[in-house]
Amino acid sequence: MAAKPKLWYFHGRGRMESIRWLLAAAGVEFEEEFLETREQYEKLQKDGRLLFGQVPLVEIDGMELTQTRAILSYLAAKYNLHGKDPKETVRIDMYADGTLDLMLMVALAAFKPPEEKEESLALVVKKAKTRYFPVFEKILKDHGEDFLVGNKFSWADIQLLEAILMVEELDGSVLCDFPLLKEFKTRISNIPTIKKFLQPGSQRKPPPDSHYVEAVRNVLQL
Amino acid sequence: MAGKPILHYFNGRGRMECIRWLLAAAGVEFEEKFIEKPEDLDKLKNDGSLMFQQVPMVEIDGMKLVQTRAILNYIATKYNLYGKDMKERALIDMYSEGVADLGEMIMHLPLCPPAEKDAKLTPIREKTTNRYLPAFENVLKSHGQDYLVGNKLSRADIHLVELLYYVEELDPSLLANFPLLKALKARVSSLPAVKKFLQPGSQRKPPTDEKKIEEARKAFKF
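Residues numbered from 1 in each chain as written. Chains lettered and ligands numbered in written order. Predicted model: local features only at pLDDT ≥ 70, side-chain atom pairs only at ≥ 80, totals over all residues. Heavy atoms only, no water.

**Q** Can you help me understand helix α3 (residues 68–78) of chain A in this one?
**A** In an α-helix, one full turn covers 3.6 residues, which means residues spaced three or four apart are oriented alike. Residues and elements named next belong to chain A. With 9 of 11 residues buried, α3 lies mostly within the body of the structure. Taken together, the buried positions of α3 are occupied by Thr68, Arg69, Ala70, Ile71, Leu72, Ser73, Tyr74, Leu75 and Ala76. Two residues or fewer after α3 comes Asn80, characterised by a positive phi angle close to 55°. (Buried < 20%, exposed > 50% of the residue type's maximum accessible area, 1.4 Å probe, protein only. Helix = DSSP H or I, 4+ residues; strand = E, 2+ residues; numbered from the N terminus.)

See below:
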């Protein structure tokens, strides 16, 4: 029987959170090793497990995968969440890339000085409201289906839900002009694997706080 | 017969150049429509051609694709440059993402004010010779094959060789200690389609100089 995937990262969201979401949504149990000391990180590097000296690292199917998007793509394909043909796959990629960009802005904002952080986060909310969410609202409106692509649950739906919840943490009213996204949010949140992941005690991580930022700076010596 | 892909972008490298390289290496003829004034970009936005109001945008197979990675993934799949299975694809993605990370740093250099440029150059040089080039040199060394993945040309080789040209433009001495990468560069450059693309008069774009940036800043007000 195959071993569970093992995730190496800091004890927080960062670039690993979308990977946790995808695994959880696919109903895949995974283990986590948290980087808390410089020594752990240096050991990973010295052992040659980090191709570019960076985490996220995911051990899966005999591979040591790094680079967030490479990992996400592999998992999406493995768990049949990447469309049924290249035309569906490219749409999923377009949507997922857009939402991932938005979420990475939030992850990076945590490391900025307070004023810049406020500005960055405000920009995220603005982009969500004016650039990203209108697109997804229209997609759902145009085809009237439950999921973004091919009338089937895919990686794009998981990423969009994750992004919606993340932006709502910054501004609770962000979905007020997007009725279909509100329904989408409820619908996807009720998928059993996702519902479970959204409950306290799951491997979902909280928003970054100063403690998390300090821990990362310490391990990476930033 | 299907029309040629049409690339919509500025007349410069930016985020479209890797797409030009990939199409060219795959032997695919393509057309370009250059955005030269703000009105050109506005027109594309207003007629709904740009999903997230951004370029690159590539018209291909009846679709208007945006998001650089989504476009590259689609082209690589279509022209069999993406490995033979999921595991090869994961390696190709991991390598391509590493190339993109360094490529992004180098791409942003011309946008720096001259005073800051030297400061930015030092970490880029360091990452080139200590992180990225050694990683790829070691991959080639580990299997002794002509190409990065599966003993066959893939998008990873094309993206890497493109990057090696940029590293060389920055400072040829950076490639000094990487014989296998130099050999890969020579090998890929001599493939007929790539050789043609490297010749004057092709659709390959020249380095982005300060004059061009100034023109773009004035035209697009940034």
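**Q** It is not clear to me how the interface of chain A and chain B should be interpreted in this structure. Could you clarify?
**A** Interface extent is often summarised as the accessible area lost during association of the parts. Contacts between the two partners involve 30 residues from chain A and, on the opposite side, 29 residues from chain B. When chain A packs against chain B, the two sides together hide about 2700 Å² of surface, and 67% of this comes from carbon and sulfur. The largest per-residue losses of area from chain A upon contact with chain B belong to Leu51(A), Phe52(A) and Met94(A), which jointly make up 23% of the total buried on that side. The interface formed by chain A and chain B holds 1 salt bridge in total. Two residues, Arg69(A) and Glu97(B), come together in a salt bridge whose shortest N-O distance is 3.9 Å. Our count for the contact surface shared by chain A and chain B stands at 6 residue pairs in polar contact (both at pLDDT 80 or more). Listed by contribution, the elements that provide at least two residues to the side of chain A that touches chain B are β4 (63–66), α3, α4 (86–109) and α5 (114–143) of chain A. In terms of residue count, α4(A) provides more of the side of chain A that touches chain B than any other element does, 9 residues in total. Tallied by class, residues from the side of chain A that touches chain B come to 14 nonpolar, 7 polar and 9 charged. (Contact = heavy atoms within 4.5 Å. Buried area = accessible area lost by both parts, 1.4 Å probe. Salt bridge = Lys/Arg side-chain N within 4 Å of Asp/Glu carboxyl O. Polar contact = N/O pair within 3.5 Å; in protein donor to acceptor, adjacent residues only side chain to side chain. Nonpolar A, V, L, I, M, F, W, Y, C, P; charged D, E, K, R; others polar.)

**Q** Is there a simple way to explain the pattern of salt bridges in this structure?
**A** Between side chains of opposite charge, pairing is possible as soon as their charged atoms come close. Residue and element names in this part refer to chain B. Tallied over the entire structure, the rule returns 39 salt bridges over all chains. Salt-bridge contacts for Lys185 lead to Glu168; the nearest nitrogen and oxygen are separated by 3.0 Å. Taken together, the residues span a long stretch of sequence, with Lys185 in helix α7 (residues 179–189) and Glu168 in helix α6 (residues 155–170) at a distance of 17 residues.

**Q** What should I look at first to understand unusual backbone geometry in this one?
**A** For residues besides glycine, phi is generally negative; the peptide bonds are generally trans as well. Here the amide bond leading from Val55(A) into Pro56(A) is cis, since omega sits at 10°, within 30 degrees of zero. Mapped onto the elements, Pro56(A) comes out in the loop between α2 (38–46) and β3 (57–60). A positive phi angle is found at Gln67(A), which is not glycine, with a value near 75°. For Gln67(A), the position within the fold is in the loop between β4 and α3. Phi angles above zero are rare outside glycine, and Gln53(B) is one such case at about 65°. Mapping Gln53(B) onto the fold places it in the loop between α2 (38–46) and β3 (57–60).

**Q** Explanation requested: the pairing of β4(A) in the structure shown.
**A** Walk down a regular strand and you will see the side chains alternate between the two sheet faces. Residues and elements named next belong to chain A. Judged from the 4 bridges that link them, β3 and β4 form a sheet pairing that is antiparallel. The residue of β4 that forms the bridge with Leu57 is Thr66. Hairpin connection between β3 and β4: a loop of 2 residues separates the two successive antiparallel strands, and Asp61 in this loop has a positive phi of roughly 50°. (Pairing = 2+ DSSP bridges.)

**Q** In this structure, what is going on with the UniProt feature "domain: GST C-terminal" (unreviewed entry) in chain A? I would like to understand it.
**A** The residues that UniProt annotates with the feature "domain: GST C-terminal" (unreviewed entry) are residues 85–208 of chain A. Across residues 85–208 of chain A, helical content stands at 70% and strand content at 0%; the span's end C-alpha atoms are separated by 37 Å. (UniProt positions renumbered as here; feature names shortened; annotations may be inferred.)

**Q** I keep staring at the UniProt feature "domain: GST N-terminal" (unreviewed entry) in chain A and nothing clicks. Help me out?
**A** When the UniProt feature table is mapped onto this chain numbering, "domain: GST N-terminal" (unreviewed entry) sits at residues 3–83 of chain A. Annotated as residues 3–83 of chain A, this span is 36% helix and 20% strand, and its ends, taken at the C-alpha atoms, are 26 Å apart.

**Q** Would you explain the packing of helix α4 (residues 86–108) of chain B against α6(B) in this entry?
**A** Each pair of packed helices can be summarised by the angle the axes make with each other and by the distance between the axes. All names here are of chain B. Interhelical geometry of α4 versus α6 gives an angle of 25° and a closest axis separation of 9 Å. With respect to each other, α4 and α6 are oriented roughly parallel. At the point where α4 passes α6, the crossing takes the left-handed sense. Where α4 abuts α6, its residues Ile92, Asp93, Tyr95, Ser96, Val99, Leu102, Gly103 and Ile106 lie against Arg155, Ala156, His159, Leu160, Leu163, Tyr166, Val167 and Leu170. (Axes fitted to C-alpha atoms, helices over the stretch in contact; angles between N-to-C directions. Parallel < 35°, antiparallel > 145°, perpendicular 65-115°, else oblique. Left-handed = near helix turned anticlockwise from the far one by under 90°.)

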